[in-house]
Amino acid sequence: MWHFIFGNLTWAALPHEWFTIGGTAAMFLMAGAVVGWLTYARRWRWLWSEWLTSTDPKKIGVMYIIMASLMLFRGALDAAMIWLQQAMSVGASHGYLSADHFQQIFTAHGDIMVFFVTMGFLAGLLNIILPLQIGARDLAFPFLNSLGFWLYVAGAVFVNLFFVFGGEFAATGWLSLPPLSELAYSPGVGMDYWIWSLQISGLGSLIAGINFIVTILKMRAPGMTLMKMPMFVWSSLCSMVLVVSVFPILAVTIGLLWLDRFFGMHFFTSTGGGNPMMYVNLIWMWGHPEVYILVIPSFGIFSEVVSTFSQKKLFGYASQVAAAIGITLLAMLVWLHHFFTMGAGADVNAFFGIMTGVIAIPTGVQIFDWISTMYKGKIIFTQSLYWFLGFVATFTFGGVAGVLMSSPAADFQFHNSLFLVAHFHTMVIGGALFGIFSGLTYWFPKVTGFKLNERLGKTAFWFWLTGFFTAFVPLYILGFMGATRRLDHYTDPAWQPFFITAGIGLVIIAIGAAVQIAQLIVSIRQRRDNLDISGDPWNGRTLEWSTKSPPPFYNFAVIPEVKSRDAFWEMKQGGRPQPVYQDIELPKNTAMGIYVSAFVFLAGFGFVWHIIWLIVLGLGGAVTCVIIRALDEETEYTVTAAELASMENNHS
């Protein structure tokens, strides 16, 4: 009876290690603080009705960004623990972490930063800005938007749940390659937590990708042809096409791995007739396009920022579009460069080496277009533009390293070394994260109604840029010296100064992050001095700046008609027509996304601990909720023309 009710969950799974006790205590303390404040302030009903059940993409976007910020703190803490261990663990000293614990932290850091930080920030920006830029009031499927967010939250909770139940996470690296991830070598539940955190959040990403694509293709304002879309919309479309193309591959791949572990199948176990290299191919068929899923939207952000703060239209718009499409297509043809050493042969290696070199061409085209846009422009050096200039420095540096590794002969030397780790972080931090910071500072007044403090923002930028090079240049050097990744201990004392220097770089980055937090606090306190009354604080060119700051819940009282690429810029030059209001329909709030995600979460927990009845309950409950939602015909409400006119006049 005990096994039927609790499956493999026993008392031994409760927190008993210092890090599981500490992690559990921290989570309960934070949750208790939030619950206490909400109760004291009597804000529960407000939180539920105004935010948690909202289908307004702007509010969902803000919740994405808040959740991603919390996960950034968790991922950064993992990074600090990794660097401290590597700085201490040399020769007779073995640091403060066991080898197994170090590998768990290493795995969690990679997955959290990719799935729950960068993807979360980008989903947040897309939710807030994309409908505004195409002149839409909402996304195509408001309920699916809510569901996608709550599946993302469920996955984020899952990736931290091992602190409370289980005591371990996967110690297999962020992609969990077999045979290490198979049951024989990873018998604990940490590997299953890895599988289901990615499976659940990946489902949310896939739903979001479909939603964004349909929104872009079917809900653009009248007159906005594809070649009149802002570059952020184009880059978002390319990124989401990659999402719907490769996230099913991820789902199938880790699903097959789960079948190996749960049912004793042998898709990837060579002793049972399987092939581990099939997993490596499949996971990288998702994994390398995932890098571009993260980076391409940042390219779109830079296009908007550079054009706005150069006070010029974007140079080479058509070539920018072609470059984004080219990167999207080529992203599907480079996955094998991650394992040139597997023995596929010279022909295969040569093809993927050439494709890896070719993909640098459209990226270079975009950089030259941005520089040409700035040429002879009236440049305004805001913090958003600073992040772009930092991107140019870091991404060019990392791109050269990438072209170097595109040669199979060179990659044989760099493979599995810290040189590769440094290159990857240069691309993701210098490309994706710097782009996110640029976008957040650029669109912050649109979301909140007031600007961020420029002085503190620029100070934070310099800490980040200095800290980045201090942290990762030593890793390039260590890679040349033969240091491998996932290294929790080493014997050569000549390596230690480089690891210590890298740790100092992390401290500098942490100072930059602290300055960003201070910037937010100071900006909130001084918001009355930095209000965005016009809705157009930067003299922008695209439609989002034609709305009030923050935008009303309906985005546009009258859907604008687009006549050029820089639609709002033309409106400002030629004047706006007198509005004619009509009744509009908007989606009602719904808690069904929360309920579906909660049931999916329960099913995932049942899969981890082999609790069959909980699996049945979770899957059955999720399907039932979806059916109930599908049969509900009262999902929208009407805002009358008179109400629209009243709200517009009161806010004018």
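Attention in this report is confined to the structure presented alongside it. Since the model is a prediction, treat every value here as computed from it, not as a measurement.

Structural notes on the packing of aromatic side chains
Reasoning step 1: According to the stated counting rule, one finds 64 aromatic pairs in the structure shown.
Reasoning step 2: Ring geometry for Phe267 and Phe268: centres 6.5 Å apart, planes at 50°, overall tilted.
Reasoning step 3: Between the aromatic rings of Phe397 and Phe469, the centroid separation amounts to 5.8 Å while the plane-to-plane angle is 75°, which identifies the pairing as edge-to-face. One end of the pair, Phe397, is in helix H13 (residues 383-405); the other, Phe469, is in helix H16 (residues 454-481), and 72 residues separate them in sequence.
Reasoning step 4: Classification of Phe397 as partly exposed rests on a relative accessible area of 37%.
Reasoning step 5: Given a relative accessible area of 26%, Phe469 falls into the partly exposed group.
Reasoning step 6: Between Arg43 and the ring centre of Trp46, over which it is positioned, the NZ or CZ distance is 4.2 Å.
Reasoning step 7: Positioned over the ring face of Trp569 is Arg541, at 4.1 Å from the centre of the ring.

Some points on the packing of helix H10 (residues 317-330) against helix H12 (residues 360-374)
Reasoning step 1: Taken N-terminus to C-terminus, the directions of H10 and H12 make an angle of 155°; their axes are 8 Å apart at the nearest point. Comparing the axis directions of H10 and H12 gives the class roughly antiparallel. Judged by the twist between their axes, the crossing of H10 over H12 is left-handed. Of the residues in H12, those touching H10 at Ser319, Gln320, Ala323, Ala324, Ile327 and Leu330 are Pro362, Thr363, Val365, Gln366, Asp369 and Trp370.

Some points on empty space enclosed by the protein
Reasoning step 1: According to the stated counting rule, one finds one cavity of 30 Å³ or more in the structure shown.
Reasoning step 2: Estimated volume of the largest cavity: approximately 180 Å³.
Reasoning step 3: Together, 20 residues line the largest cavity, and Met119, Ala123, Ser205, Ala208 and Met240 are the ones closest to its centre.
Reasoning step 4: Among the secondary structure elements, those contributing two or more residues to the lining of the largest cavity are helix H5 (99-133), helix H6 (142-160), helix H7 (190-218), helix H8 (231-263) and helix H9 (276-310).

Let's talk about H8
An α-helical turn contains 3.6 residues, so any two residues separated by three or four positions project in the same direction.
Reasoning step 1: Given a rise of 1.5 Å per residue, 33 residues ought to cover 48 Å, and the 47 Å separating the end C-alpha atoms of H8 matches this to within 8%.
Reasoning step 2: Along its length, H8 reaches its greatest deviation from straightness, about 30°, at Val246, and the proline Pro248 lies no more than four positions downstream.
Reasoning step 3: Counting buried positions over the 33 residues of H8 gives 25, a clear majority of the element.
Reasoning step 4: Where H8 terminates, the next one or two residues include Gly264, which has phi positive at roughly 70°.

Section: the side chain of Asp369
Reasoning step 1: Position of Asp369 among the secondary structure elements: in helix H12.
Reasoning step 2: Here Asp369 sits buried without a salt bridge, and the closest side chain of opposite charge, Arg565, lies 11 Å off (N-O distance).
Reasoning step 3: The residues touching Asp369, leaving out its near neighbours within four places in the chain, are Phe315, Gly316, Ser319 and Gln320.

Focus on H6
Reasoning step 1: Helix length check: H6 (19 residues) gives 28 Å between terminal C-alpha atoms against 27 Å at 1.5 Å per residue, within 8%.
Reasoning step 2: Extensive coverage of H6 is indicated by the burial of 17 of its 19 residues.

Things to note about the environment of Tyr637
Reasoning step 1: In this fold, Tyr637 is placed in strand E2 (residues 636-639).
Reasoning step 2: In contact with Tyr637, not counting residues within four places along its chain, are Phe553, Ile584, Glu585, Leu586, Pro587 and Lys588.

Considering the layout of surface pockets
Reasoning step 1: Roughly 1100 Å³ of volume is contained in the second largest pocket.
Reasoning step 2: Around the second largest pocket sit 40 residues that line it, and Ser546, Phe556, Val558, Arg576 and Glu648 are the ones nearest its centre.
Reasoning step 3: Secondary-structure elements contributing two or more residues to the lining of the second largest pocket are helix H18 (567-574) and helix H21 (641-651).
Reasoning step 4: At four residues, the largest contribution of residues to the lining of the second largest pocket is made by H18.
Reasoning step 5: Class assignment for the residues of the lining of the second largest pocket results in 18 nonpolar, 15 polar and seven charged.

Regarding unusual backbone geometry
Reasoning step 1: Each neighbour pair has its own omega, and for Pro178 with Pro179 the value is 5°, a cis peptide bond.
Reasoning step 2: Along the polypeptide, Pro179 turns up in the loop between H6 and H7.
Reasoning step 3: Put simply, Ser549 and Pro550 share a cis peptide bond, and its omega is -10°.
Reasoning step 4: Along the chain, the position of Pro550 falls in the loop between helix H17 (496-525) and H18.
Reasoning step 5: One non-glycine residue, Arg486, lies in the positive phi region at around 60°.
Reasoning step 6: Structurally, the position occupied by Arg486 is in the loop between H16 and H17.
Reasoning step 7: For Arg486, a relative accessible area of 28% translates into the label partly exposed.

Cut-offs and rules
Residues numbered from 1 in each chain as written. Predicted model: local features only at pLDDT ≥ 70, side-chain atom pairs only at ≥ 80, totals over all residues. Heavy atoms only, no water. Phe/Tyr/Trp six-rings, centres within 6.5 Å; stacked < 30°, edge-to-face > 60°. Helix = DSSP H or I, 4+ residues; strand = E, 2+ residues; numbered from the N terminus. Buried < 20%, exposed > 50% of the residue type's maximum accessible area, 1.4 Å probe, protein only. Lys NZ or Arg CZ within 6 Å of the ring centre and 35° of its normal. Axes fitted to C-alpha atoms, helices over the stretch in contact; angles between N-to-C directions. Parallel < 35°, antiparallel > 145°, perpendicular 65-115°, else oblique. Left-handed = near helix turned anticlockwise from the far one by under 90°. Contact = heavy atoms within 4.5 Å. 1 Å grid on protein atoms, 1.4 Å probe; cavity = no way out; pocket = protein on both sides within 12 Å on 5 of 7 lines; lining within 4 Å. Points joined across faces, edges and corners; volume = space filled by probe spheres on them. Expected span 1.5 Å × (residues − 1). Bend = angle between axes of the 7 residues up to and from the residue. Lys, Arg positive; Asp, Glu negative; His and termini not counted. Salt bridge = Lys/Arg side-chain N within 4 Å of Asp/Glu carboxyl O. Nonpolar A, V, L, I, M, F, W, Y, C, P; charged D, E, K, R; others polar.

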